[in-house]
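One-letter residues, chain by chain:
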Amino acid sequence: MRPLNVVGVDTGSSDVSPDLLRAALGSVLELPPDTTYTRAVAAGLAHVPASTWVWLLHDDAAPAPDALEQLLAADADTALRGPKVVDWDDPRTLLEVGLTTDASGRRLTGVEPGEQDQGQRDQPRDVLAVGTAGALVRRDVWDAVGGLDAEIGMFADDLDLGRSCVGAGHRVAVVPAAVVRHARAAATGRRRTGTRAVAADRRARAYVRLAHARAAWLPFTVGRVVLGALVAAAVLLLGRRPRLALDELAALRPVLRPDRLARARRRRRTTGAPDRTLLARRGPRLQLPARWPRAAPAPWRDALPGLLLVAAVGVVTLVAERALLTGGALAGGRLLPAPDGAGALLRAFADGAPPDTGVLALLSLPLLGHADAAVALLVLAAVPLSAGTAWLATGRAVRRPALRCWAGATWALLPVATGAVAAGRLDALTVQVALPLLLVAGYDVATRDPRGRWQRAWALGLGLALVVALAPLVWPLAALLLLGVAACGPRDRAACGAGVARTRAAAIRPLLAVLIVLGVGLLLLPRDLGAFLLRPGRSAPELTEPGLAAWRLLLLWPGGPGLPAVAVTLGLLAAAVAVVLRRARSAVVDAGWVLALVGLAVAVLLARLEVPVWPGVPLQVTAAGLLLAALAGADALPESLQRNAFGRRQLVAVLVVAAAAAVPVLGAVSWAVRGADGPLQRGPVTVLPAYARVELAAADLRALVLAPQPDGSVTYAVTGADGPRLTDPKPLVLDDVVADLLSPRGSDAAAALSTRAVRYVALTGGDGPDAAALDGQPGLLRQAGSAPLLWRVVAPATRLVLLSPSAAATAATNRAPTVAGTAVTDWLP
């Protein structure tokens, strides 16, 4: 059967296509190359007299000889009919048999990728829409719904036409007896369309979704479109696909053009919503572009060991952190209590607070702005999370699940990790979770084919920037390691491809990541060395052990509270050393030991500084290097032992393996028995009575809180009305003033406090020699009936006098000595 009228429309073909059409049809309507399919159809119909049916065909579609006859023979009640569409090159492969959408507006064919046509979908049925490649529509219905919308383009025009027909009360059906072969030139990239296919598809899909949304649900639909576009763009950006991320943002264009959207909705005023049976039952889900390089989905049996590992470490963590799970705010050690919400963190960051406040604000957003919950999750869940990231990262080095589980458990239960939890060290806990993934990203930058794009270097720089904001010590370590990789250059020229340019690119990409890290560091890091080394949290000399011996650092023992015995990690060191002593070593073993030695050198340097710096972060780099070397050796151990008869070598290997296997077991047992609390604890933050807090808040004043310790020292903190917080500025150093306050003889310490906006002095622990010393200080008035003991600073404010260096030295020499046996440090209640 042949149509009554056939109109050929050519949109700027550069070959002999117009001549072929002219020879077959007698005339051709020629339009500019930028003409869309919808406008081409409208122009062609303008040259067709009134007719009963309109049959739409694409230039890359070939209908079967009886396709039109089968379409016309379908149920007379259907106004829009579509054929069964098969692949151009392989007609046995189904492409679509009718169309529908899910709740997110995604175009669904109901056909599995690569599904073979065996007659399983040959039943005619009503559908939401049909493809325009071979669609047959009644002319009166076409005119009533306005045909194809010129604003859409080449994507989603079929869904728009189908939804318009169904909304107007007409039936849409698929006729599988009619078959059309389709090459899909635009979707597969064989045709240059002047725009990116992904961006055009996202824009058209959002346009159709908003145009057909019911008025009552329109605000909700707009919110879902905006949120879906932003989430998809963020995921693609983290997946090193910035251009595709921009394509996803194209879905926001209809939202930003409310005038066009209003016209589209007026045009589609219909009699009702489509029948729910025509919509897909699946819920919305994030759709990634076809060119996203997804890894093959791992079978359940491959993922199960990693899940069991995280669960097992999680159980150990719950047992160890039993005293930290409930009751008050989480604080102690270096950790200051978090503010009530993310807004306080963002305001502090905008006012010049260190960058860790901004990162913590971002982490609290998924938790509905609860900053305290975000900090607690980072502290309490860092150990099992690090086991999971180590499991993922070790999959690039070994394939044996047992080795990966051992590496994940060992990494998660290192003394550095348990000590970081006990002392509330946000920097070390962040590194514990992120370092395995950062090392994998750095490996990809250094070794992947440089002919690809540069997104890996940018992604590595972004990840390092977030980690550096919470752990500033990562900045020089990352720069040093990446500079070393760039200086060494690619060893295998063939791996980089032939040509000097590609080899040079392999060396330049690590340098790009270095420049990103250095630039981020210059923008984010504090200027003075002390703040650089001690952020985030408060400085506390009692949390460190200065002058640690190098052999302790080699055993990954950083000193401080919450640590197991020094010998717990001896098995890991023995395994790494045993691998080095083998005759045949791999490049992975060498790389692991280079990583370990770099971290160890930085840790030794920090342990020798006069500033009390905890060397845990560089020791984490050392631990990662030792684990990498031990894993590489253990992976090749079975084959090595099988080549020789049982002897001394096998006996030593068994002993080393047993010692290495005991490392995570000993770490778990010691941590679970000892517990994770101390000095980190749960409890009330506010130590001042209500009337004092109201006065401090009203006048923007502060309080000095003193806390005697069992060893005879006194710790202190200068706080506001709500006590110390993560958003507080750099704490005041008042060692001399506090020593004068606790001296049994009078001093001018109260006057010094008044010049620093300190209104109250609080003392925990009850009456004693310290309370008597405070009672004897001029300018302090004891408050009755307060807990803790409270003194009001009544000394008049004095003018600040600036002394020359010589005069200051003379004044310091003539000072009366402080009380013997009283050490003064800053303190957190």
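Read on for a plain summary of the structure. Only a predicted model underlies this, so the values are computations on that prediction, with no experimental measurement involved. Sequence positions are assigned chain by chain, starting from 1 and proceeding in written order. Reporting of local features is limited, given that this is a predicted model, to residues whose pLDDT is at least 70; pairs of side-chain atoms are given and counted only at 80 or more, and all residues count toward the totals for whole chains, interfaces and linings. With hydrogens and water stripped out, all remaining heavy atoms of the structure feed into the side-chain values.

Strands here are runs of E lasting at least two residues and helices are runs of H or I lasting at least four, both read from the DSSP assignment and numbered beginning at the N terminus. Of regular secondary structure, the chain possesses 32 helices and 19 strands. Excluding contacts between residues fewer than 6 apart, the proportion of contacts in the chain whose partners are at least 24 apart in sequence is 74%. Carbon together with sulfur atoms contributes 61% to the accessible area of the chain, which is approximately 40,200 Å² in total. Note on contacts: a residue pair is in contact if any heavy atoms of the two residues lie within 4.5 Å. Accessible surface is estimated by sampling points in the Shrake-Rupley manner with a 1.4 Å probe; for residues, cover comes only from the protein chains shown.

Let us now look at the pattern of salt bridges. Whenever Lys or Arg places a side-chain nitrogen within 4 Å of a carboxyl oxygen from Asp or Glu, that contact is recorded as a salt bridge. Enumeration according to the criterion identifies 15 salt bridges in this entry. The shortest N-O distance in the salt bridge between E30 and R22 comes to 2.6 Å. Buried means the residue's accessible area, taken with a 1.4 Å probe over protein chains only, is under 20% of the maximum for its type, while exposed means over 50%, and partly exposed covers the values in between. Since its relative accessible area comes to 49%, E30 is described here as partly exposed. We note a salt bridge from D140 to R138, for which the minimum N-O separation is 3.1 Å. Salt bridges sharing partners connect three or more residues here, namely D19, R22 and E30.

With that settled, consider unusual backbone geometry. The phi dihedral of L368 is positive, around 60°, even though this residue is not glycine. Counting through the fold element by element, L368 comes out in the loop between α13 (355-364) and α14 (371-380). For L368, a relative accessible area of 76% corresponds to the exposed category. Here A757, not a glycine, exhibits a phi torsion of approximately 60°, which is positive. Within the secondary structure, A757 is located in the loop between α30 (749-754) and β16 (758-763).

Okay, the environment of A697 next. The topology assignment puts A697 in helix α28 (residues 690-699). In this structure, the C-alpha to C-alpha distance between A697 and D722, residues 25 residues apart in sequence, is 8.3 Å.

Let us now look at the nonpolar core. V379, V474 and L572 are the most contacted members of the largest nonpolar core, which totals 100 residues. Among the elements that line this core, the one with the most residues is helix α26 (residues 616-642), at 11 residues. Buried residues of nine kinds, namely Ala, Val, Leu, Ile, Met, Phe, Trp, Tyr and Cys, make up a nonpolar core once their side-chain atoms join them within 4.5 Å. Formed by 26 residues, the second largest nonpolar core is a distinct cluster that contains L128, V137, W142 and V145.

Orientation of α13 relative to α14, taken along the N-to-C sense of each, is 95°, at an axis distance of 8 Å. Of the possible angle classes, the one that applies to α13 and α14 is roughly perpendicular. Packed against α13, whose contacting residues are L360, L363 and S364, the element α14 presents A371, A374, V375 and L378 at the interface. When the residues that make up the contact of α13 with α14 are grouped by side-chain class, the tally is six nonpolar, one polar and no charged. Throughout, an axis means a line fitted to C-alpha atoms (over the contacting stretch in the case of helices), and angles, computed between N-to-C directions, take values from 0 to 180 degrees. Angular relationships are summarised with four words: roughly parallel below 35 degrees, roughly antiparallel beyond 145, roughly perpendicular across 65 to 115, and oblique for the angles in between. Put simply, Ala, Val, Leu, Ile, Met, Phe, Trp, Tyr, Cys and Pro go in the nonpolar bin, Asp, Glu, Lys and Arg in the charged bin, and everything else, Gly too, in the polar bin.

In this section: the pairing of strand β11 (residues 171-182). Only strands joined by at least two bridges in the DSSP assignment are considered to pair. Inspection of the sheet shows strand β4 (residues 61-63) paired to β11 by three bridges, in the antiparallel sense. Among the inter-strand pairings, A62 is bridged to a residue of β11, identified as R181. Sheet topology note: the strand β5 (residues 78-87)/β11 ladder contains nine bridges and is parallel. Bridged to T78 within β11 is R171.

Quick look at the packing of aromatic side chains now. The criterion for an aromatic pair is that two Phe, Tyr or Trp rings (for Trp, the six-membered ring) have centres within 6.5 Å, with stacked assigned to planes under 30 degrees apart, edge-to-face to planes over 60 apart and tilted to the rest. Counting across every chain of the model gives one aromatic pair. Here the aromatic rings of Y691 and Y760 are separated by 6.4 Å at their centres, their planes lie at 80°, and the arrangement is edge-to-face. Here the residue Y691 occupies a position in helix α28, and Y760 occupies one in strand β16, the gap between them amounting to 69 residues. We classify Y691 as partly exposed; its relative accessible area is 39%. A cation over a ring is seen here: R404 above W391, with NZ or CZ 3.8 Å from the ring centre. Here the guanidinium or amino end of R552 rests over the ring plane of W557, the centre of that ring lying 5.1 Å away. In our convention, an over-ring charge means Lys NZ or Arg CZ found within 6 Å of a ring centre and within 35 degrees of that ring's normal.

Among all positions in helix α10 (residues 258-267), only L261, A264 and R265 are buried. Viewed end-on, α10 has its buried residues packed into an arc of 95°, placing them on one side of the element. The arc in question is the one traced by the directions running from the helix axis out to the C-beta atoms.

Relative to the elements of secondary structure, E321 occurs in the loop between α11 (300-320) and β12 (329-331). Comment: no salt bridge for buried E321; closest opposite-charge side chain is R682, at 8.3 Å. When near neighbours in sequence (up to four residues on either side) are disregarded, E321 contacts V379, L380, V421, W671 and A676. Neither His nor the chain ends is counted toward charge; the positive residues are Lys and Arg and the negative residues Asp and Glu.

A few words now on the packing of helix α15 (residues 382-394) against helix α16 (residues 401-412). Close contact between α15 and α16 brings their axes to 8 Å; oriented N to C, the two are set at 145°. Between α15 and α16 lies a crossing whose hand is right-handed. Contacts between α15 and α16 pair V383, S386, A387, A390, W391, L392 and T394 from the former with P401, R404, C405, A407, G408, W411 and A412 from the latter. Residues that form the contact of α15 with α16 fall into these classes: 10 nonpolar, three polar and one charged. By definition, turning the near helix anticlockwise from the far helix through less than a right angle yields a left-handed crossing, and turning it clockwise yields a right-handed one.

Next up on the list: α13. The periodicity of an α-helix, 3.6 residues per turn, causes residues three or four places apart in sequence to face the same way. In terms of residue burial, α13 counts as a mostly covered element, since eight of its 10 residues are buried. If you check which residues of α13 are buried, you get P355, D356, T357, G358, V359, L360, A361 and S364.

The residue T764 is located in the loop between β16 and α31 (769-775) in this model. C-alpha separation for the pair T764 and P708, spaced 56 residues apart in sequence, amounts to 7.1 Å. Among all residues touching T764, those that are not within four sequence positions of it are V705, L706, A707, P708 and P788.

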